[in-house]
Amino acid sequence: MKTFFTAFTFLISILTMNVFAQTKISGIIKTQTGKHLAGAGIAIKDSYDGATSDKEGKFTFSTDEKDSKLLEVTMIGYEPYSKTILLNGTNINLIIELVETATELNTVVVTAGTMEANDTRKMAQLKSLDIATTAGAEADIISALQTLPGTQATSSEQGLMVRGGTASETKVYFDGMMIKNPYLNDLPDIASRGRFSPFMFNGVSFSAGGYSAQYGQALSSVLVLDSKDLETKTTTGLSLMSVGGGLLQTSRFKNSSLQFGGQYINLTPYYGLIKQQAKWNYAPRSYSGSVNYKLKTGTTGLFKLYSEFASGKLGLNYDNLDAPNKPHSYFNKNNNLLINSTYRQFLSDKVKIDAGLAFSTDNDSMKLSANNIGDYDRMGEARTMVTYYYGTLSSLRVGAEYYNSYKHQRFDYKTRSITDNQSAAFAETDYYFSRSLVARLGLRIENSSLMEKVNIAPRLSLSYKLNANSQLSSAYGKFYQSPIDTILIAHQNPDLGYQSSDHYILNYQYTTDKRTFRAELYYKDYNKLIKSDGSSHTNNGSGYARGIDIFWRDRKTIPTADYWISYSFLDTKRSYRNFQTTVQPSFAAKHTLSLVYKQYLTAMHSQVGFTYTFASGRPYYNPNNVNFMADITKDYHNLSMNISYLTRLLNQFTIVYLSVNNVAGFKNIYGYNYSTNGSIRKAIEPPARRTVFLGMFITIGGSDFNAM
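Described in the following lines is the structure provided in the data block. Everything numeric here is computed off the predicted structure, so don't read it as measured data. (Residues numbered from 1 in each chain as written. Predicted model: local features only at pLDDT ≥ 70, side-chain atom pairs only at ≥ 80, totals over all residues. Heavy atoms only, no water.)

1. Remarks on the overall build of the protein chain
Looking only at helices and strands, the protein chain has 5 helices and 38 strands in total. Over its C-alpha atoms, taken along the principal directions, the protein chain stretches across nearly 140 × 65 × 45 Å. A separation threshold of at least 6 residues defines the contact pool for the protein chain, and within that pool the share at least 24 residues apart is 60%. Here the protein chain has roughly 32700 Å² of accessible surface; of this, 58% comes from carbon and sulfur atoms. (Helix = DSSP H or I, 4+ residues; strand = E, 2+ residues; numbered from the N terminus. Contact = heavy atoms within 4.5 Å. Areas by Shrake-Rupley, 256 points an atom, 1.4 Å probe, with all protein chains shown as cover.)

Structural data, given as structure tokens:
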């Protein structure tokens, strides 16, 4: 009996020891805002002990593990959590807060002044395909952006005019490299298209102000074009158009892709069918060839090389208002070359380097009546930027740029030229105080050897996320720009300095996956603008621009439809060039409205689009009016449409595309030219009341529109 009692006592002791050796772990899993989380996995690392939180976020389990162990908590959509706990048999009760994983939907981004067309960012206002399918734009990036708030509608001046700024105040960047001549041939009083196809890019960022310290030499705006990475498949693209044709071969290899192609444009047959208001004596003709090579280096490196050569000719007659029986004639042959190469590589998981080299030339050989005029631009460019990622979301960018630009002009036998070596350095950080609050602080320093001047430009943006779908942003920045080359080459003295503008921006944005609303107030203060008295130039000009831009996009309300509305109110005045006083300039309309509508007809494999644009009248100079720039043109109207039909031709994916610009044939007038004595005037009008484009685009070996 004694032996049995001893054995029983020993067994009870062992069981009791085991029970007492276990540690009970319990607790609650919740978010930082207090919401209980069900389904979180809780476990002791390197053991089988653990549990899953219930619908109230609670969990309980026991473990035989002892000493210090790592408790791990995981849940999809949240950052992993770990904590060292001491297992000694004493119950443990925990309250664990999980942090949401950073996504575009729950993390604030800097948005003041910037609108994006991007295929990878959910919060982007547009997709890259929107650029190509906007009625009236005819796949021209600049024309498509003119439907966004802050921009001026089409005018007689080429380029993008933003918030009271001239076209020269907007700069275009291609993979971070500045493009000096992004437009086709110059023409008197006629805007020309941009050089680049929208299908080359998967990201277009248009900043109407307050832009990053990475970019400079733009008083008003920057347009940042990010080209696609490696092409996804081997295809052959064939385009047959009412104005010409083109061929694009894409070859995809294991770690690289190569594109090469060419295009020939001849508008002679088209002008024979569509009545023109412009008096063409040589219809525009051009040919171009391009090579686009991309090489993946290692796991994170990518090298891109894009090269294009284009040559075009055109000519027209225009009225000589001082001698109506002796009209002026104009002819221009333009050759343009661009070589753009960039490289990016992660040196570690915290450090990335971007570098680039670019070279471009642009050569105009013009004949203006009896005079021979030459205009030649050449620019070499080098750029590097190092990005350091720190904390959870923050980053620091430090970079440097160097530009060597040369300009040569010839007027009959007289010549002149200038060379400018510009250098710039910048540093900028995106510092996240939390997922809801981010500040961007930047500083840019520039130097010009030609002007012998240095400028320092601070930039600041602050964005706060109000809730899951909306945020408030503000921005301030100082921006500098050299006088345009035609003034520098005429002036040839270093006493001219940088022009400057200060931007103040307040932005509200509401975004869901189907709807976007933006409202942005801005004020822009211009200083040291270039003024001319006819024989010399000074930096005595000034001005301002203020207003509000509103944008609404809806892809939800109307089934299979997509539309956006943009409205801009602009109050601007400036004293520059040869202005007699401070007035509203001729390129600025007070009110601009655009409505873009796209309807997808699934059963017909088609998309129909319409764009209506309104702009209030613009001032123009009338020498017969004692009040300078007091006359106003009539309002501008344009209704354009397009239709895309997707089909197969010889079993190959094919798009048939028809576009009609200014369907209603509105008679739009951009301003007036006057004879010297003011007795005769001539309206500045579009080269044609209406334009029609018909094209067929065939992709051999691919099945999606982007492959074109």
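2. Quick notes on the nonpolar core
Counting residues in each nonpolar core, the largest one holds 28 residues, and the members touching the most others are F196 and L223. Looking at this core, the elements that each hand over two or more residues are helix 3 (141-145), strand 9 (170-174), strand 11 (201-207) and strand 12 (221-227). Examining the composition of this core, we find that 4 residues originate from one element, helix 3, more than from any other. (Core = buried A, V, L, I, M, F, W, Y, C linked by side-chain atoms within 4.5 Å. Buried < 20%, exposed > 50% of the residue type's maximum accessible area, 1.4 Å probe, protein only.)

3. Digging into the environment of R546
Position of R546 among the secondary structure elements: in strand 28 (residues 537-554). The exposure class of R546 is partly exposed, given its relative accessible area of 40%. On a C-alpha basis, the gap between R546 and I505 in space is 9.8 Å, while along the polypeptide they are 41 residues apart. Apart from residues no more than four positions distant in its own chain, R546 is found in contact with Y522, Y523, F569, L570 and D571.

4. Description of the pairing of strand 21 (residues 394-411)
Relative to strand 21, strand 20 (residues 371-390) runs antiparallel, the two being bridged by 18 bridges. Directly across from M385, in strand 21, lies its bridge partner G399. Linkage of strand 20 to strand 21, two consecutive antiparallel strands, is achieved through a turn of 3 residues, within which G391 is found at a positive phi near 65°. Sheet topology places strand 21 next to strand 22 (residues 414-434); 17 bridges connect them, and they run antiparallel. Within strand 22, the position partnered with K407 by the bridge is I418. (Pairing = 2+ DSSP bridges.)

5. Quick notes on a positive patch on the surface
A cluster of basic side chains, namely K275, K634, K667, R689 and R690, defines a positive patch on the protein surface. With respect to the helices and strands, the residue K275 is situated in the loop between helix 4 (268-273) and strand 16 (279-297). In this structure K275 comes out as exposed when scored by relative accessible area, which is 75%. (Patch = residues over 30% accessible without salt bridge, like charges linked within 9 Å, V, L, I, M, F, W, Y side chains within 5 Å. Salt bridge = Lys/Arg side-chain N within 4 Å of Asp/Glu carboxyl O. Lys, Arg positive; Asp, Glu negative; His and termini not counted. Charge placed at Lys NZ, Arg CZ, Asp CG, Glu CD.)

6. Examining the pattern of salt bridges
Evaluation of the coordinates by the stated rule reveals 31 salt bridges. A salt bridge links K180 to D377; the nearest nitrogen and oxygen atoms lie 3.8 Å apart. Of this pair, K180 sits in the loop between strand 10 (177-179) and strand 11 while D377 sits in strand 20, and the two are 197 residues apart along the sequence. In this structure K180 comes out as partly exposed when scored by relative accessible area, which is 25%. Through salt bridges with shared partners, a single ionic network connects K180, D375, D377, K407 and D485.

7. Details of the sheet that holds strand 4 (residues 58-63)
Paired through backbone hydrogen bonds, the strands of a sheet run either parallel or antiparallel to each other. One open sheet accounts for 3 strands, arranged 4-1-7; its pairing is mixed. Each of the sheet's edge strands pairs with one partner strand only, and the pair in question is strand 4 and strand 7 (92-98). Taking each pair of neighbouring strands and ignoring which way they run, the sheet shows an average axis angle of 25°. Two strands pair when backbone bridges link them, and strand 1 (residues 23-31) and strand 7 are joined in this way by 7 bridges, in the parallel orientation. When the bridges of strand 7 are listed, T31 appears paired with L98. (Axes fitted to C-alpha atoms, helices over the stretch in contact; angles between N-to-C directions.)

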